[in-house]
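# Descriptive structure summary
Spelled out from the first residue to the last, the chains are:
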Amino acid sequence: MFKLADRVSRIDASGIRRIFDLARSMKDPINLSIGQPDFAVPDPVKDAAVAAIRDNRNSYTPTQGIAELNEQLRAEEERFTGRSYAADELLITSGVSGGLFLALLALIDEGCEVVIPDPYFVMYKHLVALFGGVPVYLDTYDDGFGIDPHKLEALLTDKTRLVLLNSPCNPTGRILDKATLEGIAAVCRKRGVPVLSDEIYRSFAYEPMTPMAAVYEHTVTLGGHSKAFGMTGWRLGFASGPRELIQAMAKVQQYSFVCAPSIAQYAALACPQVDMSAHIDAYRAKRDLMAGILSQRFELGAPDGAFYLYVKAPDGFTGDTFVEHAIKNNILIIPGSVFSERDSHFRICYTVADDILRTGAERLCDLADLAD
Ligand SMILES: Cc1ncc(COP(=O)(O)O)c(C=O)c1O
């Protein structure tokens, strides 16, 4: 009989698995659970992928990624952040997940603390725990899902290795404003703590947004193509930031992922040719449609970006019990307890057709009314 490594028992996939087990019994559900765009990869990007395969671009690439894409992504980062990046300060990764994996492996020792604002993207706490770190949660519910730099400062200790930010946020949609980012930068600078800024939803910002790297020199930015271009299965992203850390991540990538998928890297060279603004406008309109209906009956977070609404369960319900109630009524949503140490909310993803959204939102309102 074999024995599994202890680290596997530190992580747990039961919360989300339970929901998908329940979902299996549903027939044609109104599915507001899927955290990915509903548009196809744009044709020029598909064509570039096909051409890459036919042109035999199927081998390993350099660990750092292909030079042309490195140059393209650096130029975009420089435009967006106002900071300049050398070629060895940007690493092409296997999605933002790959970047998270490498950054956390490169930064965390056993027992080190990582501050994670709560609610959070589900992967963060599990990866931190897998690598022997200790997640320290900064509860943001009383701050409208923003961050109070004083509360952050109170959580920093000699063991803090990293602060992990996500703006626009999954699940709340909240964008952290520039003054908040400057406050966070001041607190982290005093302690010499880096920030890992997950900006995967950057292109879905319905309000102006400031990137963390624009205000803080010790920022590693993670970005990617999954959501922006509907390429979730292609596994492409990047990390940019201080050379020493990016090079440590490259060293880990060399002995793990080896490189990001070659075909996706060549295909991504076509991304700047495509205009995604119609999709962004459509999602902004879906946000408005859903917020308009749901806010009549529910308390919502600040949906400034991404494609989620984080909604408070009605009185008499926890997030979990309301989701079970919704599932019995054929609406699939995700309980907030998957994204939080609290169990008071649920998450809606609005990347589906408007008629489904309208029906789903109206039914959720009816369920809340019946609960009264
Ligand atoms: C906040 C956040 N970060 C990272 C990821 C993972 O992205 P990728 O497909 O680039 O690995 C997701 C996916 O849902 C996400 O919501």
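Within any chain, residue numbers begin from 1 and follow the written order of that chain's sequence. Given that this is a predicted model, residues contribute local features only at a pLDDT of at least 70 and side-chain atom pairs are listed and counted only at 80 or more, while totals for whole chains, interfaces and linings are drawn from all residues.

Moving on, we get to the overall build of the protein chain. Secondary structure follows DSSP: runs of H or I at least 4 residues long count as helices, runs of E at least 2 residues long count as strands, and numbering of each begins at the N terminus. Across its full length, the protein chain holds 13 helices and 12 strands. Taken along the three principal axes of its C-alpha coordinates, the protein chain extends 60 × 55 × 50 Å. For the exposure call, what matters is how many other C-beta atoms sit within 10 Å of a residue's own: 20 or more marks it buried, 12 or fewer exposed, and in between partly exposed, using C-beta atoms placed from the backbone. A total of 372 residues make up the protein chain; the buried ones form 44% of that total. Think of it this way: build a C-beta for each residue from its backbone, and any pair within 7 Å is a contact. The long-range fraction of contacts in the protein chain, counting pairs at least 24 apart against all pairs at least 6 apart in sequence, stands at 74%.

A few words on the nonpolar core. With 100 residues, the main nonpolar core has Ala-103, Leu-164, Met-249, Leu-309, Ile-333 and Ile-348 as its most contacted residues. The element contributing the most residues to this core is helix α5 (residues 95-107), with seven residues. Here the limits of each domain have been adopted from an automatic or database domain assignment. Built from parts of two domains, this core gets at least three residues from each of domain 1 (13-41 + 276-371) and domain 2 (43-273). Filtering out sequence-adjacent residues up to four positions away, Ile-333 remains in contact with Leu-32, Ser-33, Val-323, Ala-326, Phe-346, Arg-347 and Ile-348. The term nonpolar core refers to a group of buried residues, namely Ala, Val, Leu, Ile, Met, Phe, Trp, Tyr and Cys, whose C-beta atoms join them within 7 Å.

This part is about the pairing of strand β8 (residues 237-240). Side chains of β8 alternate between two faces, with Gly-237 and Ala-239 and Phe-238 and Ser-240 buried alike. Bridge count for strand β7 (residues 219-224) against β8 is four bridges, and the pairing is antiparallel. Note on β8: the bridge partner recorded for Gly-224 is Gly-237. Should DSSP find at least two bridges between two strands, the strands are taken to pair.

Turning our attention to the site of the ligand. The environment of the ligand is made up of 13 residues, and the closest members are Gly-95, Val-96, Ser-97, Asn-170 and Ser-226. It is α5 that provides the largest number of residues to the shell around the ligand, a total of three residues. Taken together, the residues that form the shell around the ligand break down as three nonpolar, nine polar and one charged. Any residue whose C-beta atom, as set from the backbone, lies within 6 Å of a molecule or strand is reported as near that molecule or strand. In this classification, Asp, Glu, Lys and Arg are treated as charged, Ala, Val, Leu, Ile, Met, Phe, Trp, Tyr, Cys and Pro as nonpolar, and every other residue, Gly included, as polar.

This paragraph deals with the sheet that holds strand β11 (residues 334-335). Spatial strand order, β9-β12-β11: three strands in an open sheet with antiparallel pairing. Since the sheet does not close on itself, it has two edges, and those belong to β9 (308-312) and β11, each with one partner. One ladder, built from five bridges, connects β9 with strand β12 (residues 345-349); its direction is antiparallel. Within β12, the residue paired with Lys-312 across the bridge is His-345. Each axis is a line fitted through C-alpha atoms, taken for helices only over the stretch in contact, and angles between the N-to-C directions span 0 to 180 degrees. Across the face of the sheet, helix α12 (residues 319-328) comes into contact with β11 and β12 while running at roughly 50° to β12.

Time to look at the packing of α5 against helix α6 (residues 122-130). At a minimum axis separation of 10 Å, α5 and α6 run at an interaxial angle of 30°. With respect to α6, the axis of α5 lies roughly parallel. In this structure, the crossing between α5 and α6 has a hand that is right-handed. Contact residues: Ser-97, Leu-100, Phe-101 and Leu-104 in α5; Met-123, Leu-127 and Val-128 in α6. Class assignment of the residues belonging to the contact of α5 with α6 gives a composition of six nonpolar, one polar and no charged. Just so you know how the angles are binned, under 35 degrees is roughly parallel, over 145 roughly antiparallel, 65 to 115 roughly perpendicular, and the rest oblique. Should the near helix be turned anticlockwise from the far one by less than a right angle, the crossing is left-handed, and should it be turned clockwise, the crossing is right-handed.

Two faces, one strand: in a regular strand the side chains alternate between the faces of the sheet. Of all six residues in strand β3 (residues 113-118), five are buried; the element is thus mostly enclosed. As paired strands, β3 and strand β5 (residues 160-166) are joined by three bridges and run parallel to one another. Opposite Val-115, over in β5, you have Val-163 as the bridge partner.

Across the junction of Asp-118 and Pro-119, the peptide omega takes the value 5°, indicating a cis bond. Among the secondary structure elements, Pro-119 is positioned in the loop between β3 and α6. Following Ser-167, the chain continues into Pro-168 via a peptide bond in cis, with omega recorded as -10°. Looking at where Pro-168 falls in the secondary structure, it is placed in the loop between β5 and α8 (178-191). Even without a glycine there, the phi angle at Arg-235 is positive, about 60°. Counting through the fold element by element, Arg-235 comes out in the loop between β7 and β8.

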